[in-house]
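Spelled out from the first residue to the last, the chains are:
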Amino acid sequence: MPVDYLALATSGVQALHPYQPGKPVETLERELGITNIIKLASNECPLAPSEKVQLAIRDAMSQLTRYPDGNGYGLKRALADTYTVAEDQLTLGNGSNDILELLARVFLTPDTSAVFSQYAFAVYPLAVKAVGAQAIVVPAQDWAHDLEAIADAIEPNTRLVYLANPNNPTGTWFRDAEFNAFMHRIRDDVVVVLDEAYGEYLDDDTDAPNGLDYLKQFRNLVVSRTFSKAYGLAALRVGYAISDPEIANLLNRVRQPFNVNHLALVAATAALSDKAFLQQSIETNRSGMEQLTKGLVRLGLTFIPSKANFVCVNFKRDAMPIYQQLLHRGVIVRPLANYDMPEFLRISVGLPEENARLLEALNDVL
Ligand SMILES: *Cc1c(COP(=O)(O)O)cnc(C)c1O
């Protein structure tokens, strides 16, 4: 009898489905034998990487035989300066995905639960179920997090709440007053993870909270951020948490000794110093979002209002055939059936010519 490894896996892992990434350009080239493909599928920064970052990486290549600095001193120093926090409040991650998982490993067991919203980022259920904990999923309100319902859903055994602001894949966001009221309602033995992966794109008129403003008052708050989106370093995998030093100390116990590689450390440090690149990245997104949404309106399409670098379009019918037809026109977007949103496609904001091509392809397909 062959061994049934599925039966040997922990029950949490048995229930998991692997994360489905956006289709890589090279994969589509292989599959369809076409070239000149654009990818608007993974919420990446569409610009070429910062010159400062590229120089820093070139300089760092001579050190590749050595392990990286396991404490990430240089990057932590730069983050502490930039955000006026103490270095012992910082935890670096191999992407902020790493941070989200470390939190689950520190605080969750099969006897505990974590709460997050319906249509929230797919990594939350993965991280929670992988450690065998219970995932409490709270119905969304107009596709957005319902913070009151999330607070109501917390059970005595709840140890973690994951919130994304703005959220992926919906692009929805919550306001400062809502978050403030929420934090005041949460027991202090429940750790609230505020995932600000797209926080740089929140402009002033959103009136969204800045997680850092709450850290002094709420020791149970962990703010998670990344260099993958507005800073344009998705390939390098670097993110971080800002929290109470006691929580940072716990995260530090379970992370891999060298979880962030040397090129990622020097690149992120350089990226933090390149304010012009960040501004350009944000501005490219702002104008690209306007171009995309105006074009969608012209096509008679509806979408969820978004403050991130992507928009979720509602085709009001199975969107998979539309996704496939876009692929045949060399345009990769993201189907959302795995989020229980089979009638939606998520489209990342690209460069002006990429947005135009997407709109043209959509016009053809429809
Ligand atoms: C992209 C994303 C992240 C960050 O992923 P990295 O691991 O830092 O690349 C975190 N949270 C959400 C909601 C995201 O969409």
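Residues numbered from 1 in each chain as written. Predicted model: local features only at pLDDT ≥ 70, side-chain atom pairs only at ≥ 80, totals over all residues. Heavy atoms only, no water.

Engineer: Just to check I follow, could you spell out the overall build of the chain for this structure?
Structural biologist: Within the chain one finds 14 helices and 13 strands. For a compact globule of 366 residues, the expected C-alpha radius of gyration is about 21 Å, and the chain comes in at 21 Å, within 12% of that figure. For the chain, the spread of C-alpha atoms along the principal axes amounts to about 60 × 55 × 50 Å. Buried positions account for 52% of the 366 residues belonging to the chain. When contacts within the chain are restricted to residue pairs at least 6 apart in sequence, those whose partners lie at least 24 apart make up 74%. Counting only carbon and sulfur atoms, one obtains 51% of the accessible surface of the chain, whose full area is about 17,000 Å². Distance between charge centroids for the chain: 3 Å, based on 32 positive and 43 negative side chains. (Helix = DSSP H or I, 4+ residues; strand = E, 2+ residues; numbered from the N terminus. Rg over C-alpha atoms; globule rule 2.2 N^0.38 Å. Buried < 20%, exposed > 50% of the residue type's maximum accessible area, 1.4 Å probe, protein only. Contact = heavy atoms within 4.5 Å. Areas by Shrake-Rupley, 256 points an atom, 1.4 Å probe, with all protein chains shown as cover. Lys, Arg positive; Asp, Glu negative; His and termini not counted. Charge placed at Lys NZ, Arg CZ, Asp CG, Glu CD.)

Engineer: Got a minute to help me understand the site of the ligand in this structure?
Structural biologist: In the vicinity of the ligand, the contacting residues are G95, S96, N97, F121, N168, D195, A197, Y198, T226, S228, K229 and R237. The side chain of Y198 places a nitrogen or oxygen atom 2.6 Å from an oxygen atom of the ligand. Out of a free accessible area of 380 Å², the ligand has 93% covered by protein chains. Looking at the shell around the ligand residue by residue, the class counts come to three nonpolar, six polar and three charged. (Near = heavy atom within 4 Å. Polar contact = N/O pair within 3.5 Å; in protein donor to acceptor, adjacent residues only side chain to side chain. Nonpolar A, V, L, I, M, F, W, Y, C, P; charged D, E, K, R; others polar.)

Engineer: Just checking my understanding: could you explain the sheet that holds strand β3 (residues 113-117) for this structure?
Structural biologist: The strands that make up a sheet are held in pairs by hydrogen bonds between backbone atoms, and each pair lies either parallel or antiparallel. Here seven strands make up an open sheet; going across it, the order is β2-β8-β7-β6-β5-β3-β4 and the pairing mixed. Every other strand in the sheet has two partners, leaving β2 (90-93) and β4 (134-138) as the edge strands with one partner each. Neighbour-to-neighbour, the strand axes of the sheet open up by a mean angle of 20°, direction not taken into account. In terms of strand pairing, strand β5 (residues 158-164) meets strand β6 (residues 191-195) through five bridges, oriented parallel. Bridge pairing in β6 links L163 to L194. (Pairing = 2+ DSSP bridges. Axes fitted to C-alpha atoms, helices over the stretch in contact; angles between N-to-C directions.)

Engineer: Would you take a moment to explain empty space enclosed by the protein for this structure?
Structural biologist: One simple way to see leftover space: roll a probe sized like a water molecule over the atoms. For the structure on display, the rule yields one cavity of 30 Å³ or more. Here the largest cavity is characterised by a volume of approximately 90 Å³. Lining the largest cavity we find 14 residues, and of these G70, N71, L92, R255 and N259 sit closest to its centre. Ranked by residues supplied to the lining of the largest cavity, first place goes to β2 with three residues. Its residues assigned to classes, the lining of the largest cavity shows five nonpolar, six polar and three charged. (1 Å grid on protein atoms, 1.4 Å probe; cavity = no way out; pocket = protein on both sides within 12 Å on 5 of 7 lines; lining within 4 Å. Points joined across faces, edges and corners; volume = space filled by probe spheres on them.)

Engineer: I would appreciate a short explanation of the sheet that holds strand β13 (residues 344-348) in the present structure.
Structural biologist: Across the sheet, which stays open at both edges, the four strands sit in the order β9-β10-β13-β12 with antiparallel pairing between neighbours. Taken across any chain shown, the strands that pair with only one partner, and hence form the sheet edges, are β9 (302-304) and β12 (334-335). The strands touched by helix α12 (residues 275-298) within the sheet are β9, β10 (310-314) and β13, with β10 carrying the most contacts at an inclination of about 10°.

Engineer: What should I look at first to understand helix α14 (residues 352-365) in this one?
Structural biologist: Along an α-helix, a turn takes 3.6 residues, which lines up residues three or four apart on a common side. Helix length check: α14, at 14 residues, gives a terminal C-alpha distance of 20 Å against a target of 20 Å (1.5 Å per residue), a fit within 8%. Those residues of α14 lying buried are E354, N355, L358, L359, A361, L362 and V365. Seen end-on, α14 carries its buried residues on one side only, within an arc spanning 160°. Across from the buried face of α14, at angles greater than 90 degrees, the exposed residues are E353, E360 and D364. For α14, the secondary structure elements touched by its buried residues are β1 (38-39), α12, α13 (320-328), β11 (331-332) and β13. (Expected span 1.5 Å × (residues − 1). Arc of directions from axis to C-beta.)

Engineer: Would you take a moment to explain the packing of α12 against α14 for this structure?
Structural biologist: Angle between the axes and distance between the axes are the two parameters that describe a pair of packed helices. Look at α12 against α14: their axes get within 10 Å of each other, and the N-to-C directions meet at 15°. Here α12 lies roughly parallel to α14, going by the angle between them. Here α12 and α14 pass one another in a crossing that is right-handed. Note on element contacts: α14 touches α12 through P352, N355, A356, L358, L359 and L362, opposite G288, Q291, L292, G295 and L296. (Parallel < 35°, antiparallel > 145°, perpendicular 65-115°, else oblique. Left-handed = near helix turned anticlockwise from the far one by under 90°.)

Engineer: Help me out: how do you make sense of the pattern of salt bridges in this one?
Structural biologist: Counted by the stated rule, this structure contains 15 salt bridges. Between R225 and E196 there is a salt bridge; the shortest N-O distance is 2.8 Å. Of this pair, R225 sits in strand β7 (residues 221-226) while E196 is found in the loop between β6 and β7, placing the two residues 29 residues apart along the sequence. R219 is the salt-bridge partner of E246, the closest N and O atoms lying 2.8 Å from each other. (Salt bridge = Lys/Arg side-chain N within 4 Å of Asp/Glu carboxyl O.)

Engineer: Got a minute to help me understand the nonpolar core in this structure?
Structural biologist: The biggest cluster of nonpolar side chains holds 58 residues, and the ones touching the most others in it are L75, L79, L163, F179, F182, L221 and F227. Ranked by the residues each element gives to this core, the list is headed by helix α11 (residues 262-273), at eight residues. In contact with L163, other than residues within four places in its own chain, are Y124, H145, L147, I150, F174, F179, F182, V192, V193, L194 and D195. Counting residues in hydrophobic clusters, the runner-up holds 33 residues, among them L100, A114, L160 and C312. (Core = buried A, V, L, I, M, F, W, Y, C linked by side-chain atoms within 4.5 Å.)

In short, shape yes, function no, at least from these values alone.
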